Amino acid sequence: MTSDDKKKMAAYAALDYVEKGSIIGVGTGSTVNHFIDAIAEKMKGAIDAAVSSSEASSERMKKHGIRVIDLNSAGELSIYVDGADESNRHLQLIKGGGGALTREKIVAAASKTFVCIADDTKLVPFLGKFPLPVEVIPMARSLVARELVKLGGKPVWREHFITDNGNQILDVHNLEIMEPMKMETFINQIAGVVTVGLFAHRPADVLLLGSEKGVQVIKP
Ligand code: 5RP
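Residues numbered from 1 in each chain as written. Predicted model: local features only at pLDDT ≥ 70, side-chain atom pairs only at ≥ 80, totals over all residues. Heavy atoms only, no water.

Asker: Explain the layout of surface pockets to me, and be specific about the residues and the numbers.
Answerer: Taken as a whole, the largest pocket holds about 220 Å³ of empty space. Forming the walls of the largest pocket are 14 residues, and the residues nearest its centre are V51, S52, D70, L71 and R103. Elements supplying a minimum of two residues to the lining of the largest pocket: β2 (49-52), α3 (55-63) and α4 (101-109). Here the lining of the largest pocket is composed, by residue class, of 6 nonpolar, 4 polar and 4 charged. The space that makes up the second largest pocket amounts to roughly 190 Å³. Around the second largest pocket, the lining is made up of 17 residues, and of these T28, G29, A84, D85 and G98 lie nearest the centre. In terms of residue class, the lining of the second largest pocket is made up of 2 nonpolar, 9 polar and 6 charged. (1 Å grid on protein atoms, 1.4 Å probe; cavity = no way out; pocket = protein on both sides within 12 Å on 5 of 7 lines; lining within 4 Å. Points joined across faces, edges and corners; volume = space filled by probe spheres on them. Helix = DSSP H or I, 4+ residues; strand = E, 2+ residues; numbered from the N terminus. Nonpolar A, V, L, I, M, F, W, Y, C, P; charged D, E, K, R; others polar.)

Asker: I'd like a rundown of the site of the ligand, residues and numbers included.
Answerer: Near the ligand you find 17 residues, and of these S30, T31, D85, G96 and K122 are the closest. In the model, an oxygen atom of the ligand is placed 3.1 Å from a nitrogen or oxygen of the T28 main chain. For the ligand, whose accessible area on its own is 380 Å², the fraction buried by protein is 91%. With respect to the pocket detection grid, the ligand is positioned in the second largest pocket. (Near = heavy atom within 4 Å. Polar contact = N/O pair within 3.5 Å; in protein donor to acceptor, adjacent residues only side chain to side chain. Areas by Shrake-Rupley, 256 points an atom, 1.4 Å probe, with all protein chains shown as cover. Sits in = over half its atoms within 2 Å of the grid points.)

Asker: How would you explain the nonpolar core if you had to name every residue and give the values?
Answerer: Counting residues in hydrophobic clusters, the biggest one holds 25 residues, and the most contacted among them are I24, F35, I39 and I117. The set of elements that each furnish at least two residues to this core consists of α1 (3-13), β1 (23-26), α2 (30-42), β3 (77-82), β6 (111-119) and β12 (206-211). Residues contacting I39, with those up to four places away along its chain left out, are L15, V18, I24, K44, I47 and I66. Listed in part, the 21 residues of the second largest apolar core include I23, V51, L77 and I218. (Core = buried A, V, L, I, M, F, W, Y, C linked by side-chain atoms within 4.5 Å. Buried < 20%, exposed > 50% of the residue type's maximum accessible area, 1.4 Å probe, protein only. Contact = heavy atoms within 4.5 Å.)

Asker: Please give an account of unusual backbone geometry that cites residues and values.
Answerer: You will see that L91, though not glycine, has its phi angle at about 65 degrees, which is positive. Relative to the elements of secondary structure, L91 occurs in the loop between β4 (86-87) and β5 (93-94). Look at L91 and you get buried, because its relative accessible area is 0%. In this structure, H160 takes a positive phi of about 60 degrees despite not being glycine. Within the secondary structure, H160 sits in the loop between β8 (154-157) and β9 (168-173). Exposure remark for H160: the relative accessible area of 81% places this residue in the exposed category.

Asker: Summarise the pairing of β6; cite the residues concerned and give the values.
Answerer: Taking burial as the measure, the 9 residues of β6 include 7 buried ones, the bulk of the element. Here 5 bridges tie β3 to β6, and the two strands are oriented parallel to one another. By the bridge assignment for β6, D82 is matched with C116. Of the strand pairs in this sheet, β6 and β12 are connected by 5 bridges, and their pairing is parallel. (Pairing = 2+ DSSP bridges.)

Asker: Tell me what's going on with the packing of aromatic side chains, and back it up with residues and numbers.
Answerer: Taken as a whole, this structure holds 1 aromatic pair when the rule is applied. Looking at R141, its charged tip hangs above the ring of W157, at a distance of 3.6 Å from the centre. The side chain of R158 reaches across the aromatic face of F161, ending 5.2 Å from its centre. (Phe/Tyr/Trp six-rings, centres within 6.5 Å; stacked < 30°, edge-to-face > 60°. Lys NZ or Arg CZ within 6 Å of the ring centre and 35° of its normal.)

Asker: Which residues make up α3, and what values do they have?
Answerer: For α3, the full list of buried residues reads S57, S58 and M61. Across the axial projection of α3, the buried residues extend over an arc of 105 degrees, all falling on one side. In α3, the exposed positions angled more than 90 degrees off the buried face are occupied by A56 and K63. Where α3 is buried, its residues meet β1, α2 and β2. (Arc of directions from axis to C-beta.)

Printed below as a string of structure tokens:
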């Protein structure tokens, strides 16, 4: 079984959390692409609309004929479905491998339940092996990078990549994230940081992990 098979399995399992007639939040990435396809295949007429966390997901949903609306006209969302780059047992996450972290954090914050879907390699004892993405205002990139070095990290500019918000990304290597909430708060207050890809203050509520044994359901 490939990791993509496991992602697909987790994505289809997330359909059980989708309420008929609801407006759902939809994340970004290869796992979410399976979820979008699953909605189109099994529940297209059953949901009212979707709020998207990226231009890429919006485009995919529109191609399927799924109605995509702005968060400002949606109110609170019943669920948000998104992938992750890493999750610990508390369902605190590293996200932003695809660069959509800011909108992902906004849509997650607007949702009652955050359903995270992933293959089983994403569950780790401690966060930080995956380089932590930080979205920055372009003029502040070097300033923020120097502050991240003081934290013990090695920031690497994700060159030739611009976020949907017109900003840049630093991927921070070599961080040992023992206290995710503290680190999220600390990095967020550096001048020039738009969003850090740590989802610790707003972790997932349930993690659906595709594995050889089927879908594991993990709650904090
Ligand atoms: C995008 C993300 C994705 O959820 C994360 O990168 C996981 O991606 P994939 O589902 O392709 O493994 O945070 O910004």
